[in-house]
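Structural overview for review
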Amino acid sequence: MIESLLVANRGEIARRIIRTAKRLGIRVIAVHSEADADLPFVAEADEAVLIGPPNPALSYRNTEAILAAAKSTGAQAIHPGYGFLSENAEFARTVEASGLIWVGPDADAITAMGDKINARNLMAAAGVPVAPGTTDPAADLDAAVTAAAEIGYPVMVKAAAGGGGMGMGVAVDEAALRTEYDKVRAFAERMFGDGSVLIERYFPRVRHVEVQILGLADGRVVALGERECSVQRRNQKLVEECPSPAVSPELRSRLLAAAVRAGEAVGYRNAGTVECLLDAATGEFFFLEMNTRLQVEHPVTEYVYGIDLVEEQLRVASGLAPTFDPDALTPRGHAVEMRINAEDPKRFLPGPGVIRTWVEPTGEGVRVDSGYTEGNTVTPFYDSLLAKLIVSGATRDEALDRAKAAVAAFQIEGPKNNVPFFAELLTNDEFLSGAYDTGIVSRMR
């Protein structure tokens, strides 16, 4: 097993990785910006290194500073968490070239799946269903218009190098396409350094369902069930649950088999997620993208499958067998995760500030993965995620009942937060029925 680990991230995910690593007896090094010096993850690490000012480009995306911290502290491995450099193939290559262990998939897999067009083509060749769309970037507006006419409106205009729900727009006709194409291309060039755009069929009433995969040290790829991720605002997830209330045993079998084929197609190792769009009425699903990292919503899978995904990541990176029998995976119960963000619960606009009160809920089946505590300052420099409230039960109904009580008990004063939104969602008939889709939040608003 790895003996020393540098966590190249911040907030709740850094704290969550630190918790497992320390349980396994691994010495943990945290890196932090000037803005995060007082956050819990810094104090909980065995050692902490200041790597730069608040600007993430000068700290959490500063590869030279992170590698220097690893060298000065004698770290053996680097875990990137999610976001920042987690899906940066060049960083992964540099880490390994420096003689360090990269806790994630290899750089070639990150590269292969990082470009959405290339990923679509690879998946189609592997027999994974893909939505109708372009097999090459739409080089200019005329090419985009031609492609959309062949695919049929409405279409999704997507940044080929994008991710996390960013760099996407919907066009219902040619006039809208002309606007969205220029907008997405400019955003993609600014955010990802790559203005390539793909055109894909847009499905107005679908569910967003993803499969957790794990590429083992012996070369096998296993699927650890699916997660429902359809409660979203601005194409970004707010709630996830495992298993999906829309997935039958037969559909689950097909979904998981397709996800395993996706992982095998790129020789995948470590944790990753195959995201799909699902038409619950027909049972058709289409590959959306693969996230070559640990997902924010991984705890719901941990509850249902009884494993620690961070531990499994560390075992794969160390060349060790998993703690579970890959041929005898047995899901049990139901789990729901709610992303507690520093944003208002109506328009979901960021609301940083000093946390005056922070009281986390407790009780059977309740887990809180938090990045902050009372007295901390939520700054405007990073993602608005404060914590993840994860609730489990023997059934979906039991999990939701516990979620209602946990949301009512979660007290946050200071920054704006979306806890009231979850209280509203947990009384929404559409959500409670399980028969919801990605438009549920817009219909609530």
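Residues numbered from 1 in each chain as written. Predicted model: local features only at pLDDT ≥ 70, side-chain atom pairs only at ≥ 80, totals over all residues. Heavy atoms only, no water.

Description of the nonpolar core
- Counting residues in hydrophobic clusters, the biggest one holds 96 residues, and the most contacted among them are L6, I78, V231 and L389.
- No other element matches the 6 residues that strand β19 (residues 385-393) contributes to this core.
- Other than its neighbours up to four places away in sequence, L389 contacts V336, E337, M338, I340, P361, V366, R367, V368, A406, V407 and F410.
- One finds V128, V247, A259 and F285 within the second-largest nonpolar core, a separate group that totals 27 residues. (Core = buried A, V, L, I, M, F, W, Y, C linked by side-chain atoms within 4.5 Å. Buried < 20%, exposed > 50% of the residue type's maximum accessible area, 1.4 Å probe, protein only. Helix = DSSP H or I, 4+ residues; strand = E, 2+ residues; numbered from the N terminus. Contact = heavy atoms within 4.5 Å.)

Section: the pattern of salt bridges
- Per the stated rule, a full pass over the model turns up 39 salt bridges.
- Notably, a salt bridge pairs E343 with R233, separated by 2.8 Å at the nearest N-O pair. One end of the pair, E343, is in the loop between β14 (334-341) and β15 (353-354); the other, R233, is in strand β10 (residues 221-233), and 110 residues separate them in sequence.
- We classify E343 as buried; its relative accessible area is 1%.
- One network of salt bridges, with partners in common, ties together R16, R19, R23, E302, D308, E311, R367 and D369. (Salt bridge = Lys/Arg side-chain N within 4 Å of Asp/Glu carboxyl O.)

Details of empty space enclosed by the protein
- One pass over the structure, following the stated rule, counts 1 cavity of 30 Å³ or more.
- Counted as a void, the largest cavity has a volume near 40 Å³.
- If you go around the largest cavity, the residues you meet are H79, P80, G81, S86, W102, V103, G104, P105, T292, R293, L294 and Q313.
- For the lining of the largest cavity, the per-class residue count stands at 5 nonpolar, 6 polar and 1 charged. (1 Å grid on protein atoms, 1.4 Å probe; cavity = no way out; pocket = protein on both sides within 12 Å on 5 of 7 lines; lining within 4 Å. Points joined across faces, edges and corners; volume = space filled by probe spheres on them. Nonpolar A, V, L, I, M, F, W, Y, C, P; charged D, E, K, R; others polar.)

Section: the packing of aromatic side chains
- In total, this model carries 11 aromatic pairs according to the counting rule given.
- Plain terms: the ring middles of F187 and F192 are 6.0 Å apart, the flat faces sit at 75 degrees to each other, and that makes the pair edge-to-face.
- Relative accessible area serves as the criterion here: at 21%, F187 is assigned to the partly exposed category.
- Joined through ring pairs, the aromatic side chains of Y60, F84, F381 and Y382 make up one cluster.
- Over the ring of Y436 we find R207, and its NZ or CZ is 4.7 Å from the ring centre. (Phe/Tyr/Trp six-rings, centres within 6.5 Å; stacked < 30°, edge-to-face > 60°. Lys NZ or Arg CZ within 6 Å of the ring centre and 35° of its normal.)

Focus: helix α4 (residues 89-97)
- If you check which residues of α4 are buried, you get A89, F91, A92 and V95. Axial view of α4: buried residues confined to an arc of 160 degrees, hence all on one face. Residues of α4 that are exposed and angled more than 90 degrees away from the buried face: E90 and A97.
- Each element contacted by the buried residues of α4 is listed here: α3 (63-73), β4 (77-79), β5 (101-102) and α5 (107-114). (Arc of directions from axis to C-beta.)

Concerning the sheet that holds strand β3 (residues 47-52)
- Across the sheet, which stays open at both edges, the 5 strands sit in the order β3-β2-β1-β4-β5 with parallel pairing between neighbours. At either end of the open sheet lies a strand with only one pairing partner, and these are β3 and β5.
- In this sheet, β3 lies alongside strand β2 (residues 27-33) in parallel orientation, the contact comprising 5 bridges. What sits directly across from S33, in β3, is G52.
- Across the sheet, α3 lies against β1 (4-7), β2, β3 and β4, angled at about 150 degrees from β3, the strand it touches most. (Pairing = 2+ DSSP bridges. Axes fitted to C-alpha atoms, helices over the stretch in contact; angles between N-to-C directions.)

Some points on the state of the cysteines
- Inspection of every chain in the model, using the stated rule, returns 0 disulfides.
- Cysteine C242 remains unbridged, with the sulfur of C229 as its closest cysteine sulfur at 9.6 Å.
- We note that C276 lacks a disulfide partner, and the nearest cysteine sulfur, in C229, lies 11 Å from it.
- Accessibility expressed as a relative area gives 4% for C276, which makes it buried. (Disulfide = S-S within 2.5 Å.)

Topic: unusual backbone geometry
- Cis peptide bonds are those with omega within 30 degrees of zero, and the linkage from Y153 to P154 qualifies with 0 degrees.
- Along the chain, P154 falls in the loop between α7 (141-151) and β6 (155-159).
- Cis geometry marks the peptide bond from C242 to P243; its omega dihedral reads 0 degrees.
- Mapped onto the elements, P243 comes out in the loop between β11 (236-242) and α9 (249-265).
- If you check the backbone angles, F84 has positive phi at about 45 degrees while not being a glycine.
- Considering the arrangement of structural elements, one finds F84 in the loop between β4 and α4.
- Here F84 falls in the partly exposed class, since its relative accessible area comes to 22%.
- Unlike most non-glycine residues, N235 shows phi in positive territory, near 65 degrees.

Regarding α7
- Within the sequence span of α7, burial applies to L141, A144, V145, A147, A148 and I151. Buried residues along α7 cover an arc of 165 degrees about the axis, so they all sit on one side. Opposite the buried face of α7, at more than 90 degrees from it, the exposed residues are D142, A149 and E150.
- The inward-facing, buried residues of α7 contact β6, α8 (174-192) and β8 (197-201).
- Sitting at the amino-terminal end of α7 is D140, which places a side-chain oxygen 3.3 Å from the backbone nitrogen of D142.
- Downstream of α7 by a residue or two, G152 has a phi angle that is positive, lying close to 100 degrees. (Polar contact = N/O pair within 3.5 Å; in protein donor to acceptor, adjacent residues only side chain to side chain.)

These results come straight from atomic positions and should not be treated as a statement about function.
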